[in-house]
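Structural overview for review
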Amino acid sequence: MRINLKVRIGILIFISSFLTAYSQPYAKRYRVQDTIMDGRTKKGIKRIPFTIMPFHKVIDANRMGEFMFNFPKGDYSILIDYYPFDKKEIKFSIMSDTTLIIELHSPFAQQYIQEVEVIATKTAIENPASMEQIDSKVLRTLPALIGERDILKAFALTAGVTSSSEGAADMQVRGGVHGQNLYLLDGIPLYSTEHFFGLVSVYNPIIVKSAVLYKSNFPVEYGGKLSSVVNVQTEDANLHKFSGAAEISLLSSKVMLNVPLVKEKLALMVSGRLSNYSLLNIASLFGSDSNSKINLHFADLNANMLWKISDRDKLKLTWFNNSDGTDNTQLDSHMITSSWLDNRQQNVGANWYRILSERSQNHLLVFADSYAFDLGISNTAEDRSFKNVDQLLTGINTVGIVEKYNLTLTDKLKLTTGGSLKMLGFSPVQLNHTDTSTIQIQNSSLVRQTEGVLFAETGFNFAGHQTLTTGLRVSAVGNADQLFLNAEPRIGYHGLFKHDFSVSASVCRMTQPVHRLANPGLGIPFELFLPSNGGILPESSWNFSLGAARDFVLSKYSLSVKADAWFKSLQYLVEFQDGYDALSVMMYKPDITQQPTEIITQGSGSAYGLDISADYSQRYWSLAIDYTLMRAVNKFADLNFGRSYAATTDIRHSLSLTLERKLSSTLTMAATWQYRSGKPITVPTQLFQYPALNPETGELSNSYKQFMAIEPERNNYRTKPFHKLDITLTQNYKAFKRYDASYSIGLYNVYSRSNPYIYYLSKKQEPNGTYKPVLMSMSIFPIMPSVSWLVKF
């Protein structure tokens with residue numbers, strides 16, 4: 001076969017080009033090894049993304065913050081832009097095998113908390129002994145009530161913290177009550193933290209990035225509460241890539257989506273949580289013929305938008321909305337009866353982070369928030385000819401601005417200074433009654449107050465690794481009628497010594513001008529927020545702590561131990577007078593701000609104790625032990641005949657054991673065991689019997705008996721000790737062979753301990769005809785299953 005001349009020429013050209021290229025010398029490639037670490041902790045930053053230039057290729061480091069690649073000789077650069085660290089570009093020339101170590105620093109003097117491996121001991125010496133941290137990775141492995149993990153319940157496993165009752169998502173810190181804790185979400189205070197009758201907190205776990213609990217040694221920018229500060233940060237919107245997550249448990253369903261709107265500049269993250277009972281309620285609207293409908297619901301919505309304005313400026317916008325409650329509708333005798341309870345909270349904030357220079361940064365926060373409680377009942381004729389409504393409303397709202405500067409004056413001296421201005425509006429109680437002919441509204445006085453704060457704190461490093469912080473926070477709160485001035489000095493020390501040993505100490509004063517009055521524990525969340533005025537003075541406390549920690553690291557195991565002794569003195573505590581609670585005040589004393597001393601009394605208290613924590617780990621398992629020995633005492637002139645009595649938070653012993661066992665590379669088992677000694681409650685010791693009116697004759701008759709309980713003193717009885725065991729198994733796998741996923745199954749209260757939840761009074765007749773009181777109890781949390789499933793994409 002003859003080949004055309006043009007074809008032969010083309011073949012020769014192709015062969016010639018191929019041989020020429022193949023015969024060229026091979027370009028030698030060199031190995032580049034790199035470690036990216038946190039400049040503060042000197043530890044690698046796990047899975048941090050970076051860009052290799054000039055290829056514009058984004059790569060993630062491994063679990064140790066390390067990566068390795070092979071490149072030919074030439075000039076390259078690595079670009080790292082990962083919040084909250086400074087943007088950094090490293091230029092280098094490859095002439096031979098190269099090793100790089102890159103340190104990143106945060107411009108805002110804040111601590112970066114990265115995800116950690118499950119089987120790892122918490123380092124004890126790096127932070128003061130009174131400080132606790134939890135991140136999303138740890139939170140996902142802990143056992144949970146019906147599959148709903150909660151950041152506040154996780155903190156309740158740490159030393160010095162208990163919940164008010166079994167299953168409650170609240171915190172009592174070092175003898176303080178739930179209303180004495182400052183709860184923050186992305187820097188904005190939350191007034192109410194409870195969902196679903198107190199079983200769940202408002203912090204959606206699918207978007208929680210990290211949480212820090214300060215039990216003492218409070219940073220100077222925090223104030224307004226007495227006992228603790230809980231600072232919860234949510235995940236920032238990712239500027240680089242689209243991502244999402246979904247989770248479902250027995251109680252709720254959750255979803256999170258991250259969308260880069262302008263790559264490297266602007267991104268939006270939205271997350272939501274909805275109770276599965278809400279989904280069942282929606283479905284029942286289309287198929288239920290019952291004359292009675294009961295709806296239970298709770299929901300959260302979080303959103304944040306991150307805008308990288310420049311290399312020096314970042315703006316983070318946040319929005320939060322939560323609601324929960326019950327609705328009941330019943331048709332009976334041509335009358336429709338509806339009752340409802342709604343609890344709503346929302347806030348919006350703008351955080352502007354600006355790098356002023358290499359030694360100074362600025363953080364500006366502007367926010368607005370509101371809380372509202374709505375309880376009511378209505379009766380409507382089936383033909384709509386008649387309707388009446390009785391409604392009870394209460395709430396509080398705030399608008400504020402916070403400005404903070406961080407200045408590095410020298411290598412050893414740092415300064416934090418700033419201030420805030422808040423405008424508060426209180427609406428303690430409003431009663432509404434309307435029907436077809438009348439409208440009656442009984443308003444409580446709307447009280448407005450303004451709070452101004454100035455603060456400054458210095459951090460001085462000396463003798464290597466010793467840090468002394470001194471600060472002062474000055475606040476003024478009130479209005480034209482009354483003004484309160486408060487000074488809050490803060491002194492803290494944290495020192496690192498040889499042999500992985502540290503010592504910490506602090507003295508802090510805290511004041512609380514906004515008072516929270518509520519029914520404790522689980523149940524309907526009746527909450528009142530009252531301002532300080534001529535009848536109610538701001539609460540205050542002095543907090544003292546002295547702690548030490550030691551880390552032991554050997555070849556096969558590691559151990560961290562810390563202990564913190566503390567004392568707390570409290571003044572002007574707020575409590576209801578005998579015979580009142582939050583609901584009775586709402587119903588019968590809506591003018592509480594006008595005559596508060598008829599309903600509320602103030603007194604003093606003290607609490608002291610010892611917190612001990614230990615974390616032990618080997619290669620495949622770890623064990624954490626947290627124990628607290630404490631005592632809390634209150635004294636009110638108008639209560640208990642002026643004598644001291646045990647506070648309701650006086651839980652003498654509390655112990656938590658947390659075990660984690662890695663059964664395989666993808667399967668982890670976790671178990672927690674909790675013990676709490678009994679808490680004080682008030683129990684009658686005698687019953688007084690007297691005749692009552694005969695409803696037919698209107699005369700006193702021994703056939704109709706009434707009983708009066710005699711309570712000789714307040715909190716005169718301790719409940720039975722509480723203990724339970726929870727266990728869960730978490731399996732990690734690839735969903736649809738592509739996405740990171742996990743499912744968890746577990747048991748709550750494994751040995752079905754009947755822990756008393758409600759105590760109530762009964763009576764027993766004696767042979768002589770008299771009656772004596774008998775204390776009864778009821779348990780509501782037997783052994784229960786826990787199931788959840790999570791997928792990330």
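What you see is a predicted model; the values in this text were computed from it and never measured. (Residues numbered from 1 in each chain as written. Predicted model: local features only at pLDDT ≥ 70, side-chain atom pairs only at ≥ 80, totals over all residues. Heavy atoms only, no water.)

Side note on the overall build of the protein chain
Across its full length, the protein chain carries five helices and 48 strands. Within the protein chain, the proportion of its 793 residues that are buried is 48%. For the protein chain, restricting intrachain contacts to residue pairs at least 6 apart in sequence, the fraction spanning at least 24 positions comes to 64%. On the protein chain, roughly 38300 Å² of surface is accessible, and the fraction owed to carbon and sulfur atoms is 59%. (Helix = DSSP H or I, 4+ residues; strand = E, 2+ residues; numbered from the N terminus. Buried < 20%, exposed > 50% of the residue type's maximum accessible area, 1.4 Å probe, protein only. Contact = heavy atoms within 4.5 Å. Areas by Shrake-Rupley, 256 points an atom, 1.4 Å probe, with all protein chains shown as cover.)

Quick word on the pattern of salt bridges
All chains considered together, the criterion is met by 24 salt bridges. The salt bridge partner of R273 is D300, with a shortest N-O separation of 2.6 Å. Placement of R273 in strand 19 (residues 266-275) and of D300 in strand 20 (residues 292-308) is noted, with a sequence separation of 27 residues between them. In this structure, R273 and D300 share a single accessibility class: buried. The partner of D578 in a salt bridge is R714, with the nearest N and O atoms 2.7 Å apart. Of this pair, D578 sits in the loop between strand 34 (558-576) and helix 5 (582-588) while R714 sits in the loop between strand 42 (700-710) and strand 43 (717-718); the two residues are 136 residues apart in sequence, bridging distant segments of the chain. (Salt bridge = Lys/Arg side-chain N within 4 Å of Asp/Glu carboxyl O.)

As for the pairing of strand 18 (residues 252-262)
Relative to strand 18, strand 17 (residues 243-249) runs antiparallel, the two sharing six bridges. Bridge assignment links I248 to a residue of strand 18, and that residue is S253. The turn joining strand 17 and strand 18, which pair antiparallel and follow one another in sequence, is formed by two residues. Looking at chain direction, strand 18 and strand 19 are connected through 10 bridges and run antiparallel. Note on strand 19: the bridge partner recorded for N258 is M269. Two successive antiparallel strands, strand 18 and strand 19, enclose a turn made up of three residues, where E264 displays a positive phi of approximately 70°. (Pairing = 2+ DSSP bridges.)

Quick word on the sheet that holds strand 11 (residues 181-185)
Taken in spatial order, the five strands line up as 8-15-16-11-12 in an open sheet, and their pairing is mixed. Each end of this open sheet is capped by a strand with a single partner; those strands are strand 8 (131-135) and strand 12 (188-189). Direction of pairing for strand 11 relative to strand 16 (residues 228-234): parallel, over a ladder of five bridges. Within strand 16, the residue paired with L185 across the bridge is V232.

What about the environment of N231?
Along the chain, N231 turns up in strand 16. Linking N231 and A211, residues 20 residues apart in sequence, is a C-alpha distance of 5.6 Å. If near-sequence neighbours (up to four positions away) are discounted, N231 is found in contact with L184, G187, S210, A211, V212 and Y222. One polar contact links N231 to Y222, side chain to side chain, over a distance of 3.0 Å. Of note is the side chain of N231, whose polar atom sits 3.3 Å from the side chain of Q233. (Polar contact = N/O pair within 3.5 Å; in protein donor to acceptor, adjacent residues only side chain to side chain.)

Here we look at the packing of aromatic side chains
On inspection of all chains with the given rule, the structure shows 17 aromatic pairs. Considering the side-chain rings of W673 and Y675, the 6.3 Å spacing of their centres and the 15° angle between planes classify their relative orientation as stacked. Using a relative accessible area of 25% as the deciding quantity, one classes W673 as partly exposed. Positioned over the ring face of F722 is R676, at 4.3 Å from the centre of the ring. (Phe/Tyr/Trp six-rings, centres within 6.5 Å; stacked < 30°, edge-to-face > 60°. Lys NZ or Arg CZ within 6 Å of the ring centre and 35° of its normal.)

With respect to unusual backbone geometry
Of note in the backbone geometry, D186 takes a positive phi value of approximately 55° without being a glycine. In this structure, N217 is a non-glycine residue whose phi angle is positive, near 50°. Checked against the element boundaries, N217 lands in the loop between strand 15 (208-214) and strand 16. Of the residues examined, N217 reaches a relative accessible area of 18% and is grouped as buried.

Structural notes on a nonpolar patch on the surface
Taken together, the side chains of F242, V255, L257, V259, L261, V262 and F793 present a nonpolar region at the surface, about 570 Å² in accessible area. Structurally, the position occupied by F793 is in the segment after strand 48 (784-792). (Patch = residues over 30% accessible without salt bridge, like charges linked within 9 Å, V, L, I, M, F, W, Y side chains within 5 Å.)

Some words on the environment of K88
On the secondary structure map, K88 appears in strand 6 (residues 88-94). Linking K88 and E103, residues 15 residues apart in sequence, is a C-alpha distance of 9.3 Å. Not counting residues within four places of it along the chain, the set of residues in contact with K88 comprises I78, L79, I80, I102, E103 and L104. At 2.8 Å, the side chain of K88 forms a polar contact with the backbone oxygen of E103.

Considerations on the side chain of R490
Within the element layout of this structure, R490 appears in strand 29 (residues 483-497). Separated by 2.6 Å, the side chains of R490 and E488 make a polar contact. A distance of 3.2 Å separates a polar atom in the side chain of R490 from the backbone oxygen of R509.

Points about the pairing of strand 44 (residues 722-735)
Of the pairings in the sheet, the one linking strand 39 (residues 667-676) to strand 44 comprises 10 bridges and is antiparallel in character. Bridge assignment links Q674 to a residue of strand 44, and that residue is K724. Bridge analysis of strand 44 against strand 45 (residues 739-748) gives nine bridges, and the strand direction is antiparallel. Across the sheet, L729 pairs through a bridge with I745, a residue of strand 45.

Some points on the environment of V177
Following the sequence through the fold, V177 ends up in the loop between strand 10 (172-173) and strand 11. A relative accessible area of 36% places V177 in the partly exposed class. The sequence separation of V177 and R516 amounts to 339 residues, and the corresponding C-alpha distance is 9.9 Å. Those residues in contact with V177 that lie beyond four places of it in its chain are M171 and T649.

What about the side chain of S216?
Mapped onto the elements of the fold, S216 is located in the loop between strand 15 and strand 16. In terms of polar contacts, S216 uses its side chain to reach the side chain of S545, at 3.4 Å. Excluding residues that lie within four positions of it along the chain, S216 makes contacts with S130, R174, S506, N543 and S545.

Looking at the confidence of the model for the protein chain
Looking at the protein chain, pLDDT values average 84 and 85% of them are 70 or higher. Low pLDDT, under 50, characterises residues 5-27; the predicted model gives this stretch one contact beyond four residues in sequence or across chains. Here residues 109-121 is modelled with pLDDT under 50, and outside its nearest four sequence neighbours on either side it reaches 53 contacts, counting other chains as well. (pLDDT = per-residue confidence, 0-100.)

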